[in-house]
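# What the coordinates show
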Amino acid sequence: MWQLDSWNPDYRLPSRAALDESVEAACPAVLGLEGSWEARRPPPVAPEDWPLLYFVDGRLRIEARVWGTGGEAGLLASLVVGALVRDAEGLRLWETPVIHRLLLHNSLTAPAAPGYTPVPLPEMSPEQMPAALTALLRRQEAALIERLPEGLVVADGQLTRAHRPGVLGYTKAQAVRYLPPEALPLLNKLQAGERTPIFLLEASHSWYVRLPLPSIFAPGTGLLRVETPAGPELPTTLADLSVSLFCLTATTPGRDPRAPQSLHPVAGLEQLLGRYLGDARLVRRGLLEQLA
């Protein structure tokens, strides 16, 4: 039998690293793929000239931490992924998102939780389970990307799995330093609408884009790191297109607390996916009634 932790799980989730807490990447970037290390300002591409686009994102929520009477630890969580398609008809939901309600636990003999699919993670500590949940969400997003029809896919977050060609992943917070010290000054010199040259990160090509932001904000807050699966040729055309794509869909500080890295289409998709998760208070009330 499961017993509920009395604390709201939001108070125990690990915080995200700040910019000044960034750590050096285990695999440093390979530079020099696109000539000299200096800013590139590609010609703007108007939205009517953009290809067929899909915006992909996912949301997860930890509903509760639970403890078994036999010493088991678990998380009751919900996750959902979805995609918006942008074509000549406008922007709309690609297909109805499917919600997954999961019980992550660290025992092979843990009790069931009605309505939640068990995910055994033997000997995993409760502190490690949120990261495992995020990895599950990334796998769901990757599976959705592989099912999408032909087109350019824009995915919120780092590309942690191999994808088909034509996928752009973007990272909002720069918590990891991929560039060597001598290459870092260019990031502060980038102007809105400019990008760095392409560099190689293991299995992906990557570059930084400077988004439009008033000068009163610190330079580092307007950076977006973009990546795409590495292929035999440099994705120069895709990198140039990404500058217009991200700059024209970036949010503004007055409308979004994560501006400008939070894109308008993805922010709307996040709100829509939140409706599929349901009201957190009602879900917790249902869990209380069920366990009672």
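Structure: see above.
### As for the packing of aromatic side chains
Tallied over the entire structure, the rule returns 3 aromatic pairs. Taken together, the ring pairs in this structure connect Trp37, Phe199 and Tyr208 into an aromatic cluster.

### A word on the pattern of salt bridges
Tallied over the entire structure, the rule returns 13 salt bridges. In this structure, the salt-bridge partner of Glu63 is Arg61, at a minimum N-O distance of 3.0 Å. Its relative accessible area of 17% is what places Arg61 among the buried residues. Salt bridges sharing partners connect three or more residues here, namely Glu34, Arg195 and Asp240.

### Observations regarding the side chain of Thr251
Mapped onto the elements, Thr251 comes out in the loop between helix H3 (236–249) and helix H4 (264–277). A distance of 2.6 Å separates a polar atom in the side chain of Thr251 from the backbone oxygen of Ser262. In contact with Thr251, not counting residues within four places along its chain, are Asp256, Ala259, Pro260, Ser262, Leu263 and His264.

Calculation criteria
Residues numbered from 1 in each chain as written. Predicted model: local features only at pLDDT ≥ 70, side-chain atom pairs only at ≥ 80, totals over all residues. Heavy atoms only, no water. Phe/Tyr/Trp six-rings, centres within 6.5 Å; stacked < 30°, edge-to-face > 60°. Salt bridge = Lys/Arg side-chain N within 4 Å of Asp/Glu carboxyl O. Buried < 20%, exposed > 50% of the residue type's maximum accessible area, 1.4 Å probe, protein only. Helix = DSSP H or I, 4+ residues; strand = E, 2+ residues; numbered from the N terminus. Polar contact = N/O pair within 3.5 Å; in protein donor to acceptor, adjacent residues only side chain to side chain. Contact = heavy atoms within 4.5 Å.

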